[in-house]
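Structure assessment
Given next are the chains, with one letter for each unit.
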Amino acid sequence: MIRPLRSRWLALLAFAAAVPAQVQAQVQTPPQSPSRSPSPATTLLVHADRPGPRIAPEIYGQFVEHLGRGVYEGIWVGEDSSIPNTRGIRRDVVAALRQVKVPVIRWPGGCFADSYHWRGGIGPRAKRAQEINASWGGKPDTNAFGTHEFMDFMGQIGAAPFVSVNVGSGSVQEADDWMRYMTAPTDSDPGRARAANGHAAPWAVPFVGVGNETWGCGGNMTADTYAASFRHYAAFLRSYSGPRANLIAVGADTDDYAWTETMMARAMTWRPDPTPLAYVDPRPLMWGLSLHFYTFAGNDWGDKGRNVGFDRTGWAKALARATLTDELIARHAAIMDRYDPQKKVALAVDEWGAWFASEPGASSLYLESTLRDAVIAGLSLNIFNRHADRVRMANLAQMVNVIQSLVLTRGGEMVVTPTWHVFDLYKVHQGADLIPVDIGTPDYVEGDSRMPQVSVSASRDAGGVLHLSIVNLHPDRPAPVAAMLAGVAGRSATAETLTAGRIDTRIEFGKADPFVPVPLDGVRLADGRLALTVPARSVTMVTIR
Ligand code: AHR
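These numbers come from a predicted model, not from an experiment.

Among the nonpolar cores identified, the biggest contains 117 residues, and Ile-105, Phe-153, Phe-230, Met-263 and Leu-406 are the most heavily contacted of them. The greatest single-element share of this core, amounting to 9 residues, is contributed by helix α10 (residues 371-386). Counting the residues that make up this core, at least three belong to each of domain 1 (9-53 + 434-544) and domain 2 (57-431). Of all hydrophobic cores here, the second largest spans 24 residues; its members include Ala-48, Ile-470, Ala-479 and Val-481.

Written out as structure tokens, the structure is:
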């Protein structure tokens, strides 16, 4: 019999009080310096007896833009390259992305999307428009990677395309023509044009972004202006075969709650008033409303903090900012709830990641990848999971060689980043049912930065396996964790953990990967109670079968 919540909490607290001594003796954590005594216990009440919504696989989505070495070199090397490739797309990158089950990729931007003209990127490559990347330093763009190459890339990975159309410097007609080119049946002129360029069958385009950051690089619009523009585009962005594309409207930058309010009030439904019309689609006009939020370690965009060689302040400031993701989502979602209590419209965090100052000489927005990124990824993904009722897509910026990447390349070499390892550990959450968790955890305080020390999310997959992802934000204190599991039939628990010797340990080409997760000893499960100690500065996945 399940005891009432209050008495279960009391039992848990008593259990937790006994944990550190019992568990510490059995735990073997990877080497840490300096070593410190564990923090007070973190207590969890895992409600597997009342599962929540499904965690959309698309929460584990990616974003890639024509920027720096993201597309060119990171994905596209060309068919004649000595780097192993399939039709010009590098095989090592495809294999790494397949392994973490990337579900969806947003392309071609970013700011670039609002100066991208798709026609320049189709047809024989030798004849493609030689463009200037106006968004990112005026660098040349050969258009070698265009619609066909992107769709081929999606096919090789097994990911769904999320195409952002040009609102800022394009037109409704240009966007509609692109949709026709991609989705029209073969026995139409757009379909025949596509077939002539090598792809007879229409592509499925499940997600279409209507512009990007139209409040900034995408057009300097007010929310009112964009709401009207979105309605106009939405009227013409049809799929000419298969189901209607899910339209994602440009949402807020960080905490611009007024933008969310205006978009929900003016652009959610097919008509500005709620009058039902027989011929209109009963679904909302927008499938999703986006949110962009980046983490950095300094005080503002001009002071993003160092990417490598940072100190504890740089660690704590970045993690404190990433922790804000929870509040941002909750507040945007509360506004959405007022207009859409049934939660039909998704919040799509279609740009997120850790964006620090690049080292001198690095290509545009190229960042080294450190343990801090792994902890930010684990923390952010836990937050997205916990908001699975509203957050149904998120896209890491930007997958390869730009900002917080899953993989980095240097010519023919490739390394997977600590962030990739977190996505690999967390892929078990994709499509699983969210399991609510009540948490009691001490604060981690560093100077002016204060945040909960431990972050958790849990899910149960179709096979009944429970997965608990636990992030310890403290740079040098292990965290004893005591959990009561309500409604869990599992009898065995194992855990894998990712950490490293220093907060700024980074991945380096040509060296052994220091971030490969290792089994965590000392995980105990008995009588519906779980106990373990997670290492300082770590991301851990517990599996209960
Ligand atoms: O991800 C880099 C840039 O950040 C994107 O192009 C833009 O949308 C955002 O401001």
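The structure having been displayed, the exposition proceeds.
As a further point, take the site of the ligand. The full set of residues close to the ligand is Phe-63, Glu-65, Gly-110, Cys-111, Trp-136, Asn-212, Glu-213, Tyr-294, Glu-351, Trp-355, Gln-398 and Ile-403. Within the contact set of the ligand, an oxygen atom lies 2.7 Å away from a side-chain nitrogen or oxygen of Glu-65. Contacts to the ligand include Gln-398, whose side-chain N or O atom sits 2.9 Å from an oxygen atom. Across the complex, the protein chains shield 93% of the 280 Å² of accessible surface that the ligand would expose by itself. Broken down by class, the residue content of the shell around the ligand amounts to 6 nonpolar, 3 polar and 3 charged.

Another aspect to go through is the state of the cysteines. Two cysteines form a disulfide when their sulfur atoms are joined by a covalent bond. This structure, assessed with the given rule, holds 1 disulfide. Paired through a disulfide, Cys-111 and Cys-217 show a sulfur-sulfur distance of 2.2 Å. Note on the Cys-111 and Cys-217 pair: the S-S dihedral is about -90°, so by sign convention the disulfide is left-handed. One end of the pair, Cys-111, is in the loop between β5 (104-107) and β6 (131-133); the other, Cys-217, is in the loop between β9 (207-210) and α7 (223-236), and 106 residues separate them in sequence.

Turning next to the pairing of strand β13 (residues 391-400). Among the 10 residues of β13, 10 are classified as buried, and the element is accordingly described as predominantly covered. Relative to β13, strand β2 (residues 61-63) is paired through 3 bridges, and the arrangement is parallel. Each residue of the ladder has a partner; that of Gly-61, found in β13, is Asn-395. Across 4 bridges, strand β12 (residues 346-354) lies against β13 in parallel orientation.

Before going further, it helps to examine the environment of His-421. Tracing the sequence through the fold places His-421 in helix α11 (residues 418-426). Between the C-alpha atoms of His-421 and Leu-406, which are 15 residues apart in sequence, the distance is 8.3 Å. A polar contact of 2.6 Å, which involves the side chain of His-421, links it to the side chain of Asp-513.

Attention now moves to the sheet that holds strand β24 (residues 518-519). Strand order in this open sheet of 6 strands is β16-β20-β21-β27-β23-β24, and the pairing throughout is antiparallel. Two strands close off the open sheet at either side, each with one partner strand: β16 (433-435) and β24. When strand β23 (residues 493-498) meets strand β27 (residues 538-544), the two strands line up antiparallel, connected through 6 bridges. Counted as the bridge partner of Ala-493 is Ile-544 from β27. Set on the sheet, α10 makes contact with β16, β20 (454-460), β21 (466-472), β23 and β27; between it and β20 the angle comes to about 50°. Where α11 meets the sheet, it contacts β21, β23 and β27, and its direction lies at approximately 15° from that of β27.

Residues at a pLDDT of 70 or more form 92% of the protein chain, whose mean pLDDT is 92. Low confidence marks residues 1-13, where pLDDT is under 50. Its contacts with residues over four positions away, or in another chain, come to 26 contacts.

Attention now moves to the domain arrangement of the protein chain. Assigned domains of the protein chain: these are domain 1 (9-53 + 434-544) and domain 2 (57-431). Placing the centre of domain 1 and that of domain 2 at their C-alpha centroids yields a distance of 31 Å. Taken together, the contact between domain 1 and domain 2 spans 41 residues of the former and 40 residues of the latter. Across the domain 1 to domain 2 interface the summed buried area is about 3400 Å²; carbon plus sulfur atoms make up 69%. For domain 1, the biggest contributors to the area lost against domain 2 are Ile-503, Ile-507 and Phe-509; these three give 22% of the whole. Across the pair Arg-506 and Glu-368 runs a salt bridge, and its minimum N-O distance is 3.5 Å. Linking domain 1 with domain 2 are 13 residue pairs in polar contact (both at pLDDT 80 or more).

Criteria and cut-off values
Residues numbered from 1 in each chain as written. Predicted model: local features only at pLDDT ≥ 70, side-chain atom pairs only at ≥ 80, totals over all residues. Heavy atoms only, no water. Core = buried A, V, L, I, M, F, W, Y, C linked by side-chain atoms within 4.5 Å. Buried < 20%, exposed > 50% of the residue type's maximum accessible area, 1.4 Å probe, protein only. Helix = DSSP H or I, 4+ residues; strand = E, 2+ residues; numbered from the N terminus. Domains from an automatic or database assignment. Near = heavy atom within 4 Å. Polar contact = N/O pair within 3.5 Å; in protein donor to acceptor, adjacent residues only side chain to side chain. Areas by Shrake-Rupley, 256 points an atom, 1.4 Å probe, with all protein chains shown as cover. Nonpolar A, V, L, I, M, F, W, Y, C, P; charged D, E, K, R; others polar. Disulfide = S-S within 2.5 Å. Pairing = 2+ DSSP bridges. Contact = heavy atoms within 4.5 Å. Axes fitted to C-alpha atoms, helices over the stretch in contact; angles between N-to-C directions. pLDDT = per-residue confidence, 0-100. Buried area = accessible area lost by both parts, 1.4 Å probe. Salt bridge = Lys/Arg side-chain N within 4 Å of Asp/Glu carboxyl O.

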